[in-house]
Amino acid sequence: MKSPGPGPTHSESSERCLVRLVADAMKEEPALSAVKIDRRQRSISVATLGKPASATGREDQLTAQIRHLEETAANEPCELLDGKTDCSTCPVPMAAAEREKITIQHDGHSTTIARITCPTAPRLWRWRDSPWPKFVPREVVLPEDAEHEHEWKLQLAAAVLCGASGLAAFLLAGRPLAILAYLLAYVAGAWFTAHEVWERLQKGALDVHFLMLAVAVGSASIGAWGEGATLLFLFSLSGALEHYAMGRTHREIRSLFRTAPKVATRLDDQGNQFACPVDQLRPGMRLLVKPGEQFPVDAEVAKGSTAADESNLTGESTPAEKGIGDSVLAGTLNLWGVVEVLALRPASQSALQKIIHLIREAQHLKAPSQRLTDRFGTGYTYAILGLTLSMFFVWWLGAGVPAFLSNEQNRSAFYRAMTLLVVASPCALVLSIPSAILAAIAWAARRGILFRGGAAVEKLAEVTIVAMDKTGTLTTGELRVERVESFPPGREAEVAQLAYSLERLSTHPLARAITRFGKQQRLKPLDLQNFESVTGSGLRAKLGAGEVFLGRRQWLEQIRRESIPIEQAPTDLAFSEVWLAKDSLVGCVLLRDDIRPRAAGLLEDIRRLGLTSVVLTGDRRGAADYLKERLALDEIRAELKPEQKVEIIAAFIRERRKVAMVGDGVNDAPSLAAAHVGVAMGARGSDAALEQAEVVLMHDRLENFLAAFQLSQRARRIIRQNLVVSLGTVAVLVAFALFGSIPLTVGVVGHEGSTVVVVLNSLRLLLGVKPPKELRQASARH
């Protein structure tokens, strides 16, 4: 599993090495016993010991990481998955002690990585199967996308033709041309509906489309041509409006596709330039990006400096300065400098592609109320057909109403049955929820708020507590090293080199800042052995005959079994500390992370909406108190490990309080999964956070959470309005139809009119969300 360019670090190799992924997961999750990947059956199975085979946050995170590995393997097949290696040729091989704890077994097209344990343990394993992840290839526009984007125009044209022909037939009443005009109206109005009915009949299913065609044909058979034409006109018009809502969402996705660059300038070892398709770029490749060009993939600046316009992904209009060691995002614009960058990941795994994948996924995940209507839709159709047939015989044989011939005093049983069939059909009910959900998703996507399905749209309106991580959420997340201290003094350079050597193997936000600092200072990394990441505490590794520790001061004192006898000068509480210890050397790296400018105003707005804000951070108590004072927080809990954050959220849930968790890092993923609604911060968010989140604030703007919450509340109100209109209309019209006191024309107009009203009501969500009056006044004061 070799990659071009410079050798990967431990963390980079872990992202692409299956054995490392599983081994790291087994360290963090003691119950995790084995992982089996079957490429032929397209499945991933996870075995646990001593508990039911249900997903945990760490197992879901592991599955997501394997998913990204498979996406990379689509272009560069993984030799381990093919059974061609035992990973001994890995550029960063595992330590012998780590490798001895696991076993790798190949059986045909499957690979199993398991703990080495007693022979009887596998009998107690509980397996949980996960479906093989599906990916949308880069630059591929699904057929249904183009269909929904343009079909509404054809449907609208057909509806207009149907209406115009029906009106002409009404004006030509009594003339031979009237029948021809009605036939044209029927063909135009039923064209798309007939196609859908045929597709469903081939699958053995009936739905509301079949009912509408049946009523239209029945109306024509008894001479009620006008009623049938009116029905088809209104039904085709509502279908056009539904497809219009779908098309708006698909158009947002296509606009994202068009922003992605197609070709990159690659540099070889001799510095020669040549064009390379973006799809063929691999991690480690060196690229040249000139002013005015877009960065083709997520990359790291290796030479030169510039500024990048990231407004299309982060929403920040101010250009971001980029120097050696800084990350750049695919699809963002290089403004003025010529820079050389190293590709970090394939184009298919870029931040831009992650966003596109999330939008696509959102369109196919239904809201709970929509799933409810879908479940009874087919059964309801059969029930209405049965009721209509029964009532036909009741009116005919029981009440003595003529079967098919109507007169001025009495309508026929068939006429009454057709009227009942129209008014009882659930057209408005079927469209009431998906039309609102799709409109909400489309409006949000244009503003950098991505809902992963209809469930998230509905659930966000229910939250009463907003829990937030500190770094990258309330703060900018752009940490920078302010200074390095050593004890005894004079060894600051040694502390910086040791810290860089350790942190370059980690992915924590603090680690990224120290790694960037080391590259900018051109520090040479040391050759460390037996590297270990202790979740929530720090890092440790061997250097020669000694050990190096880096992390919290309390953890270093605990691991060394002695206190650090250093009286450090008081520092600004806005600083974060990372301590390092090696033999007699002790050091401290101070980092600063600025509070987001709009954080205070946003928290005030959250309180105005009746929400409680809670900050969950792993930072020290002093920094947390400083943040609480600056932002007037309702509550802040400090010095938390990831599992403690999950327990706090679980405690809120036990109190029947619904929590929205806002975070951006790998350590936030378990909390995002545990919360009622997980919200990930932006394009820079970790893959694990994006996988667990149900809402993604693509523009890295915390104030977009407020817009998402208000949109969710408004969508829920509109869904309820739609349900009242649709169910109320059916109830009233059915009551009148059962007593035979409603004309077919009135039934058609009332039923289809409610359908049009429901769709138009849903499309109001596309017009945007107006903040409450008190929030607008507060914003004006700010």
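1. Here we look at the overall build of the protein
Right, so step 1: A tally of regular secondary structure across the protein gives 26 helices and 27 strands.
Right, so step 2: The long-range fraction of contacts in the protein, counting pairs at least 24 apart against all pairs at least 6 apart in sequence, stands at 68%.
Right, so step 3: Summing over all exposed atoms, the protein offers an accessible surface of approximately 34200 Å²; the carbon and sulfur share of this is 56%.

2. Let's talk about the side chain of His676
Right, so step 1: Looking at where His676 falls in the secondary structure, it is placed in the loop between α22 (669-674) and β26 (677-681).
Right, so step 2: In this structure His676 comes out as buried when scored by relative accessible area, which is 18%.
Right, so step 3: Of the polar contacts made by the side chain of His676, one reaches the side chain of Glu462; its length is 2.9 Å.
Right, so step 4: In contact with His676, other than residues within four places in its own chain, are Lys459, Glu462, Val463, Lys658, Val659 and Glu694.

3. Some details on helix α20 (residues 621-631)
Right, so step 1: Among the residues of α20, those classed as buried are Ala623, Ala624, Tyr626, Leu627 and Leu631. Across the axial projection of α20, the buried residues extend over an arc of 160°, all falling on one side.
Right, so step 2: Here the buried face of α20 lies against α15 (470-474), β21 (575-582), α19 (599-608), β23 (612-616) and β24 (635-637).
Right, so step 3: Following α20 by one or two positions, Ala632 adopts a phi angle in the positive range, close to 55°.

4. Quick look at the nonpolar core
Right, so step 1: Phe451, Leu460, Leu474 and Phe705 are the most contacted members of the largest nonpolar core, which has 55 residues in total.
Right, so step 2: Looking at this core element by element, the count peaks at 10 residues for helix α13 (residues 427-446).
Right, so step 3: Contacts of Phe705, omitting those with residues within four sequence positions, involve Leu460, Val466, Ile606, Ala660, Val662, Val679 and Leu697.
Right, so step 4: In terms of nonpolar packing, the next biggest core, distinct from the first, is built from 46 residues, Ala181, Trp225, Phe235 and Ala737 among them.

5. Notes on the packing of aromatic side chains
Right, so step 1: This structure, assessed with the given rule, holds 10 aromatic pairs.
Right, so step 2: Positioned over the ring face of Trp579 is Arg553, at 4.8 Å from the centre of the ring.

6. Points about the confidence of the model for the protein
Right, so step 1: Taken residue by residue, the protein gives an average pLDDT of 76. The fraction at 70 or more is 74%.
Right, so step 2: Taken together, the stretch residues 51-57 has pLDDT below 50 and engages in 16 contacts with residues farther than four places along the chain or on a different chain.
Right, so step 3: Contacts for the low-pLDDT stretch residues 772-782, under 50 throughout, to residues beyond four places or in other chains number 16 contacts.

7. Details of the sheet that holds strand β13 (residues 333-334)
Right, so step 1: As summarised here, the arrangement of the 3 strands in space is β11-β10-β13, forming an open sheet in which the pairing is antiparallel. Each edge of the open sheet carries a strand with a single partner, namely β11 (320-322) and β13.
Right, so step 2: The sheet contact formed by strand β10 (residues 306-309) and β13 spans 2 bridges and is antiparallel. Each residue of the ladder has a partner; that of Ala308, found in β13, is Asn334.

8. Observations regarding the pairing of strand β6 (residues 263-267)
Right, so step 1: Both β6 and strand β7 (residues 273-277) contribute to a ladder of 5 bridges, which runs antiparallel. Residue Ala264 lies in a different strand from β7, and its bridge partner there is Cys276.
Right, so step 2: Hairpin connection, β6 to β7: the antiparallel pair is bridged by 5 residues, and Gly271 has positive phi, about 90°.
Right, so step 3: One ladder, built from 3 bridges, connects β6 with strand β8 (residues 286-289); its direction is antiparallel. Counterpart to Thr265 in the pairing with β8 is Leu288.

9. Focus: a nonpolar patch on the surface
Right, so step 1: The grouping of Leu177, Ile179, Leu180 and Leu183 at the surface amounts to a nonpolar patch, some 380 Å² of accessible area in total.
Right, so step 2: In this fold, Leu177 is placed in helix α6 (residues 176-202).
Right, so step 3: Given a relative accessible area of 53%, Leu177 falls into the exposed group.

10. As for the sheet that holds strand β14 (residues 339-343)
Right, so step 1: Ordered by their spatial adjacency, 6 strands build an open sheet running β7-β6-β8-β14-β9-β12, and the pairing between neighbours is antiparallel. Single-partner strands in this sheet number two, and they are β7 and β12 (327-328).

11. As for the environment of Gly610
Right, so step 1: The residue Gly610 is located in the loop between α19 and β23 in this model.
Right, so step 2: Here Gly610 falls in the exposed class, since its relative accessible area comes to 56%.
Right, so step 3: The spacing of Gly610 and Thr464 is 146 residues in sequence and 7.4 Å in space, taken between C-alpha atoms.

12. With respect to the packing of helix α24 (residues 703-738) against helix α25 (residues 744-763)
Right, so step 1: Where α24 contacts α25, the two axes come as close as 9 Å, and the packing angle between them is 175°. Between α24 and α25, the angle falls in the class roughly antiparallel. Contacts between α24 and α25 involve Ile718, Gln721, Asn722, Val725, Thr729 and Leu733 on the former and, on the latter, Gly747, Gly750, His751, Ser754, Val758, Asn761 and Ser762.
Right, so step 2: Broken down by class, the residue content of the contact of α24 with α25 amounts to 4 nonpolar, 9 polar and no charged.

13. Observations concerning the pattern of salt bridges
Right, so step 1: Here the structure, examined in full by the defined rule, presents 19 salt bridges.
Right, so step 2: The residue Glu694 makes a salt bridge to Lys459 at a minimum N-O spacing of 3.0 Å. Taken together, the residues Glu694 in the loop between α23 (687-692) and β27 (695-697) and Lys459 in helix α14 (residues 454-460) connect sequence positions 235 residues apart.
Right, so step 3: Under the relative-accessibility criterion, Glu694 is labelled buried at 19%.
Right, so step 4: Lys645 serves as the salt-bridge partner of Asp469, at 3.2 Å between the closest nitrogen and oxygen. Taken together, the residues span a long stretch of sequence, with Asp469 in the loop between β16 (465-468) and α15 and Lys645 in helix α21 (residues 642-654) at a distance of 176 residues. There is no split in this pair, since Asp469 and Lys645 are both buried.

14. Regarding the pairing of β21
Right, so step 1: Burial analysis of β21 places 7 of its 8 residues in the buried class, which makes it a mostly covered element.
Right, so step 2: Bridge count for strand β20 (residues 546-551) against β21 is 4 bridges, and the pairing is antiparallel. By the bridge assignment for β21, Leu550 is matched with Leu580.
Right, so step 3: Direction of pairing for β21 relative to strand β22 (residues 585-592): antiparallel, over a ladder of 8 bridges. In the sheet register, Ser576 faces β22, and the bridge partner there is Leu591.
Right, so step 4: With antiparallel pairing between neighbouring strands as the criterion, β21 and β22 make up a hairpin whose turn holds 2 residues, including Asp583 at a positive phi of roughly 55°.

Each value, and the rule that gives it
Residues numbered from 1 in each chain as written. Predicted model: local features only at pLDDT ≥ 70, side-chain atom pairs only at ≥ 80, totals over all residues. Heavy atoms only, no water. Helix = DSSP H or I, 4+ residues; strand = E, 2+ residues; numbered from the N terminus. Contact = heavy atoms within 4.5 Å. Areas by Shrake-Rupley, 256 points an atom, 1.4 Å probe, with all protein chains shown as cover. Buried < 20%, exposed > 50% of the residue type's maximum accessible area, 1.4 Å probe, protein only. Polar contact = N/O pair within 3.5 Å; in protein donor to acceptor, adjacent residues only side chain to side chain. Arc of directions from axis to C-beta. Core = buried A, V, L, I, M, F, W, Y, C linked by side-chain atoms within 4.5 Å. Phe/Tyr/Trp six-rings, centres within 6.5 Å; stacked < 30°, edge-to-face > 60°. Lys NZ or Arg CZ within 6 Å of the ring centre and 35° of its normal. pLDDT = per-residue confidence, 0-100. Pairing = 2+ DSSP bridges. Patch = residues over 30% accessible without salt bridge, like charges linked within 9 Å, V, L, I, M, F, W, Y side chains within 5 Å. Salt bridge = Lys/Arg side-chain N within 4 Å of Asp/Glu carboxyl O. Axes fitted to C-alpha atoms, helices over the stretch in contact; angles between N-to-C directions. Parallel < 35°, antiparallel > 145°, perpendicular 65-115°, else oblique. Nonpolar A, V, L, I, M, F, W, Y, C, P; charged D, E, K, R; others polar.

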